[in-house]
Amino acid sequence: LFIRSKSGVKLTQKGEILFEYISQGICWIRRGENEVAKDKSHNATLLVGASQLTVKSILPKILKEYETNYPDVNLVLQTNSSLKIMKDLKENLLDLAVIPDPVEYDPDIETIKLLSFESILIAGKKYQYLEDKQFSLADLNNYPFITLSTGTAGRRWLDTIYASYSQICYPSIEVPTSDIIIPLVKNDLGLGLVAEIFTRYDLEANNIIKLKLKEQLPKRSFLVCYNKNRTHNEARERFLTLISTMAEKELLNVEKST
């Protein structure tokens, strides 16, 4: 069912077939569990899907504020890849999702932009001698280069940028979530492109260095998404109002991690 390699584990063709059947069954089990949970409690339940990037940046502040304002709501947080979260949202397994772009357009899904963030090129101390060099995207293929795995939203964003310059990305290491890139970079396993909000502490502590990139990378944005066709949910509407207010008042700025 699995193929193991340096870049991780991938499903074989038979594994992918089995996964399709199992994943559908699990989705229905989760949907049933959620309905039972609602029947057992008079309190409202809010099912929130989130990626690792949002969980480790803006989401904790949002959830804290929401629980403070609405302590009677049962918050259920489910983390996964952005693509899987959007799939669950379309199947009504989630009330809303907080993820970074890009997301595929769907007329049934409403998206609200929260705030933007930059991506930067970083390296470990082993590559200190490259600090004054200006890299092009093509140059990165000549070095150990760490990126997100093929199929993730962040990797699609990167591949689109490469394609716009008639280039192809050839990473040395692929990882499933962006938070894994920094530890690998800190241990001198290669260069990495990551969200700047992830790097503030390590840059200030001189654990990593920021490298110069010739191309201007487009900013990415955090989004809150929900299914417009889902029945009215008061807990969801309160969340959307709160998160929009926090964004307007610039209360979503990410504090440096420790």
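Each remark here, short or long, concerns the structure printed above.
Note that the coordinates shown come from a computational prediction; the quantities given were computed from them, not determined experimentally.

Trainee: How do you make sense of the overall build of the chain when you look at a structure like this?
Mentor: Along its length, the chain carries nine helices and 13 strands. A compact globule built from 258 residues should have a C-alpha radius of gyration of about 18 Å, and the chain, at 20 Å, falls within 12% of that. Counting every position in the chain, which comprises 258 residues, the buried fraction comes to 44%. Long-range contacts, defined as pairs at least 24 residues apart, comprise 77% of the intrachain contacts of the chain with a sequence gap of at least 6. Summed over all atoms, the accessible surface of the chain reaches about 14,300 Å², with 51% contributed by carbon and sulfur.

Trainee: For this particular structure, what's the right way to read the packing of aromatic side chains?
Mentor: The geometry of two aromatic rings is summed up by the distance between their centres and the angle between their planes. This structure, assessed with the given rule, holds four aromatic pairs. Judged by centre distance (4.7 Å) and plane angle (35°), the ring pair of Phe 117 and Phe 222 falls under tilted. Of this pair, Phe 117 sits in strand β6 (residues 109-117) while Phe 222 sits in strand β13 (residues 220-227), and the two are 105 residues apart along the sequence. With a relative accessible area of 5%, Phe 117 lands in the buried category. Given the relative accessible area of 1%, Phe 222 is considered buried. Here a set of aromatic residues connected by ring pairs shows up, and it is made of Tyr 66, Tyr 70 and Phe 239.

Trainee: How should the packing of helix α3 (residues 59-69) against helix α9 (residues 234-248) be read in this particular structure?
Mentor: Axes are the key here: two packed helices are described by the angle between their axes and the distance separating the axes. Look at α3 against α9: their axes get within 10 Å of each other, and the N-to-C directions meet at 125°. In terms of orientation, α3 and α9 fall into the oblique class. Seen along the crossing, α3 lies across α9 with a hand that is right-handed. Mapping the contact onto sequence places Lys 61, Ile 62, Leu 63, Glu 65, Tyr 66 and Asn 69 in α3 and Ala 235, Arg 238, Phe 239, Leu 242, Ile 243 and Met 246 in α9.

Trainee: Can you help me understand the sheet that holds strand β5 (residues 96-100) in this one?
Mentor: One key point about sheets: their strands pair by backbone hydrogen bonds, in either a parallel or an antiparallel sense. One open sheet holds the five strands; their spatial order is β4-β3-β5-β13-β6, and the pairing between them is mixed. Two strands in the sheet have a free side with no partner beyond their single neighbour: β4 (74-79) and β6. Going from strand to strand, the sheet's axes swing by 20° on average, the running direction of each strand aside. Sheet topology places β6 next to β13; eight bridges connect them, and they run antiparallel. When the bridges of β13 are listed, Ile 112 appears paired with Val 224.

Trainee: How should the sheet that holds strand β7 (residues 119-123) be read in this particular structure?
Mentor: One open sheet accounts for six strands, arranged β8-β12-β7-β11-β9-β10; its pairing is mixed. Two strands in the sheet have a free side with no partner beyond their single neighbour: β8 (134-135) and β10 (173-175). Contacts from helix α6 (residues 153-164) reach β7, β9 (145-148), β10 and β11 (191-195), with the element oriented near 120° to β9.

Trainee: Would you explain α3 in this entry?
Mentor: Residue pairs spaced three or four apart in an α-helix point in one direction, given the helix's 3.6 residues per turn. Those residues of α3 not exposed but buried are Leu 59, Ile 62, Leu 63 and Tyr 66. Down the axis of α3, the sector holding all buried residues measures 95°, keeping them to one side. For α3, the exposed residues lying more than 90 degrees away from the buried face are Lys 64 and Thr 68. Where α3 is buried, its residues touch β3 (45-50), α2 (52-55), β4, β5 and α9.

Trainee: I'm lost on the side chain of Thr 54 in this one. Help?
Mentor: Tracing the backbone through its elements, the reader meets Thr 54 in helix α2. When its relative accessible area of 0% is taken as the criterion, Thr 54 is described as buried. For Thr 54, the contacting residues outside a window of four places in its chain are Leu 59, Pro 60, Val 98, Ile 99, Pro 100 and Phe 222.

Parameters at a glance
Residues numbered from 1 in each chain as written. Predicted model: local features only at pLDDT ≥ 70, side-chain atom pairs only at ≥ 80, totals over all residues. Heavy atoms only, no water. Helix = DSSP H or I, 4+ residues; strand = E, 2+ residues; numbered from the N terminus. Rg over C-alpha atoms; globule rule 2.2 N^0.38 Å. Buried < 20%, exposed > 50% of the residue type's maximum accessible area, 1.4 Å probe, protein only. Contact = heavy atoms within 4.5 Å. Areas by Shrake-Rupley, 256 points an atom, 1.4 Å probe, with all protein chains shown as cover. Phe/Tyr/Trp six-rings, centres within 6.5 Å; stacked < 30°, edge-to-face > 60°. Axes fitted to C-alpha atoms, helices over the stretch in contact; angles between N-to-C directions. Parallel < 35°, antiparallel > 145°, perpendicular 65-115°, else oblique. Left-handed = near helix turned anticlockwise from the far one by under 90°. Pairing = 2+ DSSP bridges. Arc of directions from axis to C-beta.

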